[in-house]
Amino acid sequence: MKTLSELKIASTKYRRQIWRYFATPKRISTFLEGYNKYELSTILLLSVQNPQDLCCLLGMPLHELQEIINNPGYSRYEIEKKKGGKREINAPDPLLKSVQRQLNYYLQAMYLCVRPDEVHGFVINEGERGEQCNIKENAANHTGKGYVLNVDLRDFFSNISGRQVLHLFLSELFNYNEEIATALALLTTYQGKLPTGAPTSPVISNLICLDMDAHLKEFTKENNLSYSRYADDLSFSSNELINAVQINQLRDVINQCGFAINEKKVRMTPANRKQTVTGIVVNEKVNIDRKLLKNIRAMAFDLRKNGVEAATRKHFDLKGIVDIKYKAMFMARLEGYINFVGQIRGRTDSVYLRLKNLTVTNNNYIVPSDVQIKEHQIDYYYKFNKNKDALNLAIIAYKEGDYRQARLNLDDFFYSNKYLSGEAEAVYNALIYLVEYRASKITG
């Protein structure tokens, strides 16, 4: 990737050519042939100078954009946290979400130019498919260390104020005038803060955190610590004890940057105990937690020995004849777990291959067609997970035959979740398959 300074120069020098390129993509100027799609998108974003430019960027007339800014539509609901309590979600209405989704693409492209190597959450890798950076990369920074310190930021999105977002767009990073900066801040905030549920909130949080990441990187370098951040999960490690003075200094750096530590989630772990970073064991190398691996093995061996009916009955604690949807859910969950093992340990790892072989060679279960089993899988998820998240909205759109909307909702889910693993990942992948399959039947 070219540097942001280089792209800023290009946004001024080739402003007319870049807008012409995006109006008619097939007619690219020779001046722009040396830029990839993310760099071109960044140049376009930085070349916005007035409301007309912003309307062209977002693909809508001025009066519609003004209406959205003046009357943003959000729906509020709560979802259960895994460890108790509830999380408030403010989800934008479809029109506002489509605008935020469009803006999110350009902001993600720009963030690639300035992303610190230590940051892994809510980030796309530079590539044709724009895949996310993963938790394995985040955890790999802390393997084989004497001490690992994990810190969570409190109320991450809601602690980022509308004023901070406005100052972000006015800063040297963007150099927008007050009119454009205000419009973008109003499009991406709600009730004076960053809303949990908006497609733009993850990337804006990363942009807001650039200052904190820089200060923490400097501090950790001076103190011989390793540092990584995955969204609001901060991890530090060292071969020497991270003492109370250093922890207080880290706390001060974080507070000075406008964030606060969740004191209940500060965890220091020595090498003689299980050290984890974003759920991955890092004592000697990145690895799966033994307890989880034991459960996966038990599921796989039960499937091989007793067949899918008995294994499903035991896993879900069911009685009597087991409905096919539970069988589908069991197989999908096991598949998700095994894929997670492959992601962390590698696709050539012997443990992964043995687990994969146990499910492939099982003769006690005739697997329904891919489409049938995946549709049972999403039906089960929708029935027992009533949260109005993007994954359930994608399921609804799929059932209604709106495959384009389903794909957009899946993109929202992808960018608004820190971790994609286990059941949610399996359902996400199943729905991707189904949407592409059904869409191909229409176009084919």
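Above this text sits the structure in question.
An account of the accompanying structure is given in this report. One numbering rule holds for all chains: residues counted from 1, following each sequence as written. Side-chain atom pairs in this predicted model are given and counted only at pLDDT of 80 or more, local residue features only at pLDDT of at least 70, and totals for whole chains, interfaces and linings cover all residues. Note that the side-chain values use all heavy atoms of the structure and ignore hydrogens as well as water.

### Topic: the overall build of the protein
To keep things clear, this is the line we draw: Numbering goes from the N terminus for both helices and strands, where a helix is a DSSP run of H or I of at least four residues and a strand is a run of E of at least two. Each residue is assigned to one of three classes by its accessible area relative to the maximum for its type, calculated with a 1.4 Å probe on protein chains only: buried under 20%, partly exposed between the two thresholds, exposed over 50%. Only heavy atoms matter for contacts: two residues are in contact if any of them lie within 4.5 Å across the pair. The Shrake-Rupley method, run with a 1.4 Å probe, gives the accessible areas here. Residue values count only the displayed protein chains as cover.
For the protein, the count of helices and strands is 19 helices and 8 strands. Among the 444 residues that make up the protein, the fraction classed as buried is 50%. Long-range contacts, defined here as pairs at least 24 residues apart, represent 67% of the contacts in the protein between residues at least 6 apart. Carbon and sulfur atoms provide 48% of the accessible area of the protein, an area that totals close to 22,200 Å².

### With respect to the packing of aromatic side chains
Filter applied, for reference: Each aromatic pair joins two rings of Phe, Tyr and Trp (for Trp, the six-membered one) with centres within 6.5 Å, and gets the label stacked for planes under 30 degrees apart, edge-to-face for over 60, and tilted for any other angle. Remark: a charge is flagged as sitting over a ring if the NZ atom of Lys or the CZ atom of Arg is within 6 Å of the ring centre and within 35 degrees of the ring normal.
As enumerated under the stated definition, the model contains 12 aromatic pairs in all. Relative to Tyr-190, the ring of Tyr-74 has its centre 4.1 Å away and its plane inclined at 25 degrees; by these criteria the two rings are stacked. Within this pair, whereas Tyr-74 is found in strand E1 (residues 74–80), its partner Tyr-190 is found in the loop between helix H9 (178–188) and helix H10 (201–208), the two being separated by 116 residues in sequence. Taken together, Phe-122, Phe-156, Phe-157 and Phe-259 form an aromatic cluster joined through their ring pairs. Over the ring of Tyr-35 we find Lys-2; its NZ or CZ atom is 4.8 Å from the centre of that ring.

### What about the packing of helix H13 (residues 290–316) against helix H14 (residues 324–345)?
Which entries qualify depends on this criterion: For helices, the fitted axis covers only the stretch in contact; all axes are lines through C-alpha atoms, and the angles between them, taken along N-to-C directions, range from 0 to 180 degrees. By definition in this entry, angles of less than 35 degrees are roughly parallel, angles greater than 145 are roughly antiparallel, angles of 65 to 115 are roughly perpendicular, and the rest are oblique. With the far helix as reference, a near helix turned anticlockwise by less than a right angle produces a left-handed crossing, and one turned clockwise produces a right-handed crossing.
Running from N to C, H13 and H14 cross one another at 160 degrees; their axes reach a closest spacing of 10 Å. In terms of their interaxial angle, H13 and H14 are classed as roughly antiparallel. Of the two elements, H13 crosses H14, and the hand of that crossing is left-handed. Between H13 and H14, the residues in contact are Leu-292, Leu-293, Ile-296, Met-299, Ala-300, Leu-303, Val-308, Glu-309, Ala-311, Thr-312, His-315 and Phe-316 and Tyr-326, Lys-327, Met-329, Phe-330, Met-331, Arg-333, Leu-334, Tyr-337, Ile-338, Phe-340, Val-341 and Arg-345, respectively.

### Some remarks on the pattern of salt bridges
Test applied: Salt-bridge detection follows one rule: a side-chain nitrogen of Lys or Arg within 4 Å of a carboxyl oxygen of Asp or Glu.
Scanning the entire structure with this criterion turns up 12 salt bridges. A salt bridge links Asp-53 to Arg-15; the nearest nitrogen and oxygen atoms lie 2.3 Å apart. With Asp-53 in helix H4 (residues 51–58) and Arg-15 in helix H2 (residues 15–23), this pair connects stretches of sequence that are 38 residues apart. Relative accessible area serves as the criterion here: at 10%, Asp-53 is assigned to the buried category. Taking the relative accessible area as the measure of exposure, Arg-15 reaches 23% and is therefore partly exposed. The residue Lys-265 makes a salt bridge to Asp-152 at a minimum N-O spacing of 3.8 Å. A residue pair is termed long-range when its members are at least 10 positions apart, and Lys-265 in the loop between helix H12 (244–256) and strand E6 (267–270) and Asp-152 in strand E3 (residues 147–152) qualify at 113 residues.

### Observations concerning the side chain of Thr-220
Worth spelling out the cut-off: Any N or O atom pair separated by 3.5 Å or less is treated as a polar contact, with the protein-specific requirement of one donor-capable and one acceptor-capable atom, and with residues adjacent in sequence counted only for side-chain atom pairs.
Locating Thr-220 in the fold gives a position in helix H11 (residues 210–222). Thr-220 sits in the buried class, given a relative accessible area of 3%. Of the polar contacts made by the side chain of Thr-220, one reaches the backbone oxygen of Leu-216; its length is 2.8 Å. If sequence neighbours within four positions are ignored, Thr-220 has contacts with Leu-225, Tyr-227 and Phe-236.

### Describing the environment of Met-60
Mapped onto the elements, Met-60 comes out in the loop between H4 and helix H5 (62–70). C-alpha separation for the pair Met-60 and Val-99, spaced 39 residues apart in sequence, amounts to 8.8 Å. Beyond its immediate stretch of four places on either side in the chain, Met-60 contacts Cys-55, Leu-65, Ile-68, Leu-95 and Val-99.

### Describing the nonpolar core
Using the following cut-off: For our purposes a nonpolar core is just a set of buried Ala, Val, Leu, Ile, Met, Phe, Trp, Tyr and Cys residues, chained together by side-chain atoms within 4.5 Å.
Counting residues in each nonpolar core, the largest one holds 129 residues, and the members touching the most others are Phe-174, Phe-259 and Leu-431. With 9 residues, H14 is the single largest residue contributor to this core. In this structure, Phe-174 is in contact with Leu-45, Leu-46, Leu-107, Met-110, Leu-168, Phe-169 and Leu-207, ignoring residues within four places of it in sequence.

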